[in-house]
2 protein chains.
Amino acid sequence: MFELDPRLSADTYFVGSTALSSVLLMNDARYPWLILVPERQSVTEAFDLLEADQAALWQESMRLGAFMKRHFRADKLNIASLGNQVAQLHIHHIVRFHHDLAWPGPVWGIGVAVPYAEAEAERCLSALREALAHELPLLSPIQS
Amino acid sequence: MFELDPRLSADTYFVGSTALSSVLLMNDARYPWLILVPERQSVTEAFDLLEADQAALWQESMRLGAFMKRHFRADKLNIASLGNQVAQLHIHHIVRFHHDLAWPGPVWGIGVAVPYAEAEAERCLSALREALAHELPLLSPIQS
């Protein structure tokens, strides 16, 4: 039985599910920032997943990253699994712009998160769900 | 024709090659830190690689990460492609310990790199090459 880590839950909005993962929107309006959480219990490292799940996670991550770069016209994507503070395996996908606050450094440890206003979060989630629904390979079952 | 980015070259030692990538040791004795650089020209995002190369990179990254966790008895692996400062695609694999300098934050932006003493670097490279040579799947051609 998969349960989302309470801290991930508190820091994000739920966008939708893929074949393998929950897609979460980080509640930080400074950066378009999505997180993939494979819905598998008690896994902290990607290489501890079953091989088929590893392959599915990589495919989902690559598709999500490519989508975000295009959709947000990003200068760069940052993709990372750190997991020092939240052990549950989760992969960050962060849109970076040359003009963003932390550029060219990583986003972590720079200032504090700016939560979305409620209406802004709703608008953002709707737009993401609509755009992702057209990314059929992401939201339909992954072929193994 | 693949050429390693000059900044990556200046900041690292060359460990060896896999089927797809150069393996580099970051010249920072504070953390065991290896970098995979797919030997493909002008690629900045993993999702811009050909599909077969994407799959090979993921396999190499997972095998390297699992090796490092075991070899260094890491508490956690941090795996990340950022590329804000060096555009050439490269994937960081950083061994983290609960007692390291930056824990539980990411390593970037915390203090400055501590270069290896020459003898220490040689010892470290020899040990890594020997250990990785036994990781046959990593250093032999990847099956597609």
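Because the structure is predicted, anything quoted here is derived from the model rather than measured. Along each chain, residue indices are assigned from 1 in the same order as the chain's sequence is written. Labels follow written order: the first chain is A, the first ligand is 1, and so on. Predicted model: local features are reported for residues with pLDDT of at least 70 only, side-chain atom pairs are reported and counted for 80 or more only, and whole-chain, interface and lining totals are derived from all residues. Excluding hydrogens and water, the side-chain figures rest on all heavy atoms present in the structure.

Caption draft 1: Representation of the overall build of chain A within the structure. Along its length, chain A carries four helices and five strands. Runs of E in the DSSP output that reach at least two residues are strands. Runs of H or I that reach at least four are helices, and both are numbered from the N terminus. Helices and strands in chain A line up, N terminus first, as α-β-β-β-α-β-β-α-α. Radius of gyration: over C-alpha atoms. The globule rule applied is 2.2 Å multiplied by the number of residues raised to the 0.38 power. Since a compact globule built from 144 residues should have a radius of gyration of about 15 Å, the 15 Å found for chain A is in line with a globular shape. Seen through its C-alpha atoms, chain A measures out along the principal axes to roughly 40 × 35 × 30 Å.

Caption draft 2: Region of interest: the packing of helix α2 (residues 51–71) of chain A against helix α3 (residues 118–133) of chain A. Residues and elements named next belong to chain A. In contact at an axis separation of 12 Å, α2 and α3 are set at 120° when each is read in the N-to-C sense. Comparing the axis directions of α2 and α3 gives the class oblique. Considering only the axes of α2 and α3, their crossing is right-handed. Listed contacts from α3 to Leu64, Phe67 and His71 of α2 are Leu128, Ala131 and Leu132. The nonpolar class holds Ala, Val, Leu, Ile, Met, Phe, Trp, Tyr, Cys and Pro. Asp, Glu, Lys and Arg form the charged class, and all remaining residues, Gly among them, are polar. Looking at the contact of α2 with α3 residue by residue, the classes come out as five nonpolar, one polar and no charged. Axis lines are fitted through C-alpha atoms, for helices just across the contact stretch, and the angle between N-to-C directions can take any value from 0 to 180 degrees. The cut-offs work like this: below 35 degrees is roughly parallel, past 145 is roughly antiparallel, 65 to 115 is roughly perpendicular, and the gaps in between are oblique. In this scheme, a crossing is called left-handed if the near helix is turned counterclockwise away from the far one by less than a right angle; it is called right-handed if the turn is clockwise. Note on definitions: a residue-residue contact is assigned when non-hydrogen atoms from the two residues lie within 4.5 Å.

Caption draft 3: Region of interest: the sheet that holds strand β5 (residues 91–96) of chain A. Overall, antiparallel pairing links the ten strands, which are arranged β1(A)-β2(A)-β3(A)-β5(A)-β4(A)-β4(B)-β5(B)-β3(B)-β2(B)-β1(B) in an open sheet. Looking along the sheet, the strands with just one partner apiece sit at the ends: β1 (12–17) of chain A together with β1 (12–17) of chain B. Across the sheet, the mean angle separating the axes of adjacent strands is 20° when strand polarity is ignored. Inspection of the sheet shows strand β3 (residues 33–38) of chain A paired to β5(A) by four bridges, in the antiparallel sense. Paired with A:Trp33 across the bridge in β5(A) is A:Ile94. In the packing of α3(A) onto the sheet, contacts are made with β1, β2 (21–26) and β3 of chain A, and the angle to β1(A) comes to roughly 20°. Any two strands are treated as partners once DSSP identifies two or more bridges connecting them.

Caption draft 4: Here's a closer look at the interface of chain A and chain B. Listed as interface residues are 28 residues of chain A and, on the opposing side, 28 residues of chain B. Reported buried area values correspond to the accessible surface (1.4 Å probe) lost by two parts on association, with both partners' losses combined. Summed over both partners, the interface of chain A with chain B buries about 2700 Å², with 58% contributed by carbon and sulfur atoms. Among the residues chain A hides against chain B, the three largest losses belong to A:Phe47, A:Trp58 and A:Asn84. Together they make up 27% of the total. What makes a salt bridge here is a side-chain nitrogen of Lys or Arg within 4 Å of a carboxyl oxygen of Asp or Glu, nothing more. Remark: the boundary between chain A and chain B carries four salt bridges. Two residues, B:Lys69 and A:Glu45, come together in a salt bridge whose shortest N-O distance is 3.0 Å. Two N or O atoms count as a polar contact when they lie within 3.5 Å, although within protein this holds only if one can serve as hydrogen donor and the other as acceptor, and sequence-adjacent residues are included solely when both atoms are side-chain atoms. Scanning the region where chain A abuts chain B turns up 22 residue pairs in polar contact (both at pLDDT 80 or more). At the level of secondary structure, the elements contributing two or more residues to the side of chain A that touches chain B comprise α2 and β4 (76–81) of chain A. At eight residues, α2(A) tops the list of elements feeding residues into the side of chain A that touches chain B. Class assignment for the residues of the side of chain A that touches chain B results in 15 nonpolar, nine polar and four charged. For β4(A) and strand β4 (residues 76–81) of chain B, the ladder comprises three bridges, and the chain directions are antiparallel. Within the sheet, the bridge partner assigned to A:Ser81 lies in β4(B) and is B:Ile79.

Caption draft 5: Highlighting α2(A). Residue and element names in this part refer to chain A. In this model α2 runs 30 Å from its N-terminal to its C-terminal C-alpha over 21 residues, within 8% of the 30 Å that 1.5 Å per residue would give. Type-normalised accessible area, obtained with a 1.4 Å probe on protein chains alone, sets the label of each residue: buried when under 20%, exposed when over 50%, and partly exposed for intermediate values. Looking only at α2, the buried set comprises Asp53, Gln54, Ala56, Leu57, Trp58, Glu60, Ser61, Met62, Leu64, Gly65, Phe67 and Met68. Just beyond α2, the residue with positive phi is arginine 73, at close to 50°. Between the first and last residue of a helix there are one fewer steps than residues, each counted as 1.5 Å, and that sum is the expected span.

Caption draft 6: Examining the relation of the copies chain A and chain B more closely. When chain A is fitted to chain B, the residual RMSD is 0.0 Å, and the transformation amounts to a turn of 180° plus an axial shift of 0.0 Å. Taken together, these values place the two copies in the relation of a two-fold axis. Proximity to the rotation axis, assessed at the C-alpha, singles out A:Ala80 in chain A; its C-alpha lies 2.0 Å from the axis. When the interface residues of chain A are mapped onto chain B, 100% of them again fall at the interface, so both copies present the same face. Least squares is the method for superposing the copies, and the C-alpha atoms it fits come from residues with pLDDT of at least 70 in both.

Caption draft 7: Broad picture of the nonpolar core. Buried residues of nine kinds, namely Ala, Val, Leu, Ile, Met, Phe, Trp, Tyr and Cys, make up a nonpolar core once their side-chain atoms join them within 4.5 Å. One finds A:Leu57 and B:Leu57 to be the most contacted residues of the largest nonpolar core, which totals 62 residues. Not counting residues up to four positions away in its chain, the partners in contact with A:Leu57 are A:Leu20, A:Ser21, A:Leu36, A:Pro38, A:Ala46, A:Leu49, A:Leu89, A:Ile91 and B:Trp58. Membership of the second largest hydrophobic core comes to 30 residues, among which are A:Phe2, A:Leu82, A:Val86 and A:Trp108.

Caption draft 8: Here's a closer look at the packing of aromatic side chains. Any two of the Phe, Tyr and Trp rings considered here, Trp counted by its six-membered ring, make a pair once their centres fall within 6.5 Å; the pair's planes then place it as stacked at under 30 degrees, edge-to-face at over 60, or tilted in between. Applying the stated rule across the entire model yields five aromatic pairs over all chains. Ring geometry for A:Tyr31 and A:Trp33: centres 6.3 Å apart, planes at 65°, overall edge-to-face. Ring geometry for B:Trp33 versus B:Trp108: centroids 6.3 Å apart, planes at 90°, classification edge-to-face. Of the two residues, B:Trp33 sits in strand β3 (residues 33–38) while B:Trp108 sits in the loop between β5 (91–96) and α3 (118–133), which places them 75 residues apart along the sequence. Under the relative-accessibility criterion, B:Trp33 is labelled buried at 5%. Since its relative accessible area comes to 17%, B:Trp108 is described here as buried.

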